[in-house]
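Spelled out from the first residue to the last, the chains are:
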Amino acid sequence: MYLVGIAGGSGSGKTTFARKVIRHIQEFSSQPPFNAAIIHMDSYYLHEQPIDNYSESGRPNFDHPHAFDWNLLRKHLAKLKEGKSIEAPVYDFAKSQRLSHQTLPIGPCSLVIFEGIFSLFQEEIRDILDIKVFLQVDADIRFTRRLHRDVNERGRSLESVISQYYETVRPMYQKYLDPQRQYASSIVTGK
C-alpha cells in the first residue's frame, strides 16, 4: 500500500490534484481495477476548537495546527498503511463541525492520498508517507480559488472569507504551511 501526502495552502488545488492522480493511475494501470482513496485532512478538524486557538476577533483559527484531531488522524493513517480499513469522519463546512453520526468507510486500498494543509507538518506522519508533495501556487490564485469555493460551495459571505484570509489564513500559511516545502520529495508549481 502506498501512502502519498499532498500539502499546500488553502486553495492550492490539493483535492483536484489528488483526484487527477488517481484518475490518471486508473486509466493507465495494466492491473485489475486500481483501489484508491483520498483522505481529506479537513475531515479531522476538532469537534470544538480550543479556546486558545481563537483569533483576536473571537473566531476559530482553522488554519492553525491546533485545529485538528491529530491523534485520530495518526491512528487512521497508520491503520491504512497496515492495509486495514477505517471509518473516516465527515466534516460539514456549512455548520463548521464534524458530523457526529456519519463516517466514510475507507480501505483497504492500494493507494491512499492524504491531502490537507498540514499533511507534511508532523514528522510521525511524514515518516509513513511514501511520497510527499507540496503544491506551490501563487497567493493571489489561492485566494481567488478559496473565495469562489467558500462563497459558492460552503455558503460563506464574501466579507467573512476576506476577513478570515487576512486574519488567519495568510499569516498561518507564512508561519506554518510554506515551511513544509522543505519536507516534500516533489514540489509542484501551478496556476
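Structural data are supplied above this passage.
Residues numbered from 1 in each chain as written. Predicted model: local features only at pLDDT ≥ 70, side-chain atom pairs only at ≥ 80, totals over all residues. Heavy atoms only, no water.

Participant: Lay out the side chain of T168 with the relevant residues and their values.
Facilitator: Looking at where T168 falls in the secondary structure, it is placed in helix α5 (residues 158-177). The exposure class of T168 is buried, given its relative accessible area of 4%. Look past the residues within four positions of T168 in its chain and what remains in contact with it is S55, N61 and D63. (Helix = DSSP H or I, 4+ residues; strand = E, 2+ residues; numbered from the N terminus. Buried < 20%, exposed > 50% of the residue type's maximum accessible area, 1.4 Å probe, protein only. Contact = heavy atoms within 4.5 Å.)

Participant: So what about the sheet that holds strand β6 (residues 131-137)? Which residues, and what values?
Facilitator: As summarised here, the arrangement of the five strands in space is β2-β5-β1-β6-β7, forming an open sheet in which the pairing is parallel. Each edge of the open sheet is held by one strand with a lone partner, namely β2 (36-40) and β7 (186-190). Each neighbouring strand pair of the sheet contributes to a mean axis angle of 20 degrees, computed without reference to strand direction. Strand direction decides the pairing type here: strand β1 (residues 2-8) and strand β5 (residues 111-115), joined by five bridges, are parallel. Paired with Y2 across the two strands is L111, which belongs to β5. Its contacts with the sheet put helix α2 (residues 70-81) on β1, β2 and β5, and the angle it makes with β5 is roughly 160 degrees. (Pairing = 2+ DSSP bridges. Axes fitted to C-alpha atoms, helices over the stretch in contact; angles between N-to-C directions.)

Participant: Please give an account of the pattern of salt bridges that cites residues and values.
Facilitator: Following the criterion strictly, the structure yields ten salt bridges and no others. A salt bridge links R59 to E167; the shortest N-O distance between them is 2.9 Å. Highlighted residues: R59 in the loop between β2 and α2 and E167 in helix α5, separated in sequence by 108 residues. The exposure class of R59 is partly exposed, given its relative accessible area of 34%. Taking relative accessible area as the criterion, E167 reaches 26% and is therefore assigned partly exposed. Salt-bridge contacts for D150 lead to R146; the nearest nitrogen and oxygen are separated by 3.7 Å. In this pair, D150 and R146 are both assigned in helix α4 (residues 139-152), four residues apart and thus about one turn of the helix distant. Salt bridges here are not isolated pairs; linked through shared partners, they connect R146, R149, D150, R154 and R156. (Salt bridge = Lys/Arg side-chain N within 4 Å of Asp/Glu carboxyl O.)

Participant: Give me the pairing of β5: which residues, what numbers.
Facilitator: The buried count for β5 comes to five of five residues, which makes it a mostly enclosed element. Two strands pair when backbone bridges link them, and β2 and β5 are joined in this way by five bridges, in the parallel orientation. Within the sheet, the bridge partner assigned to I38 lies in β5 and is I113.

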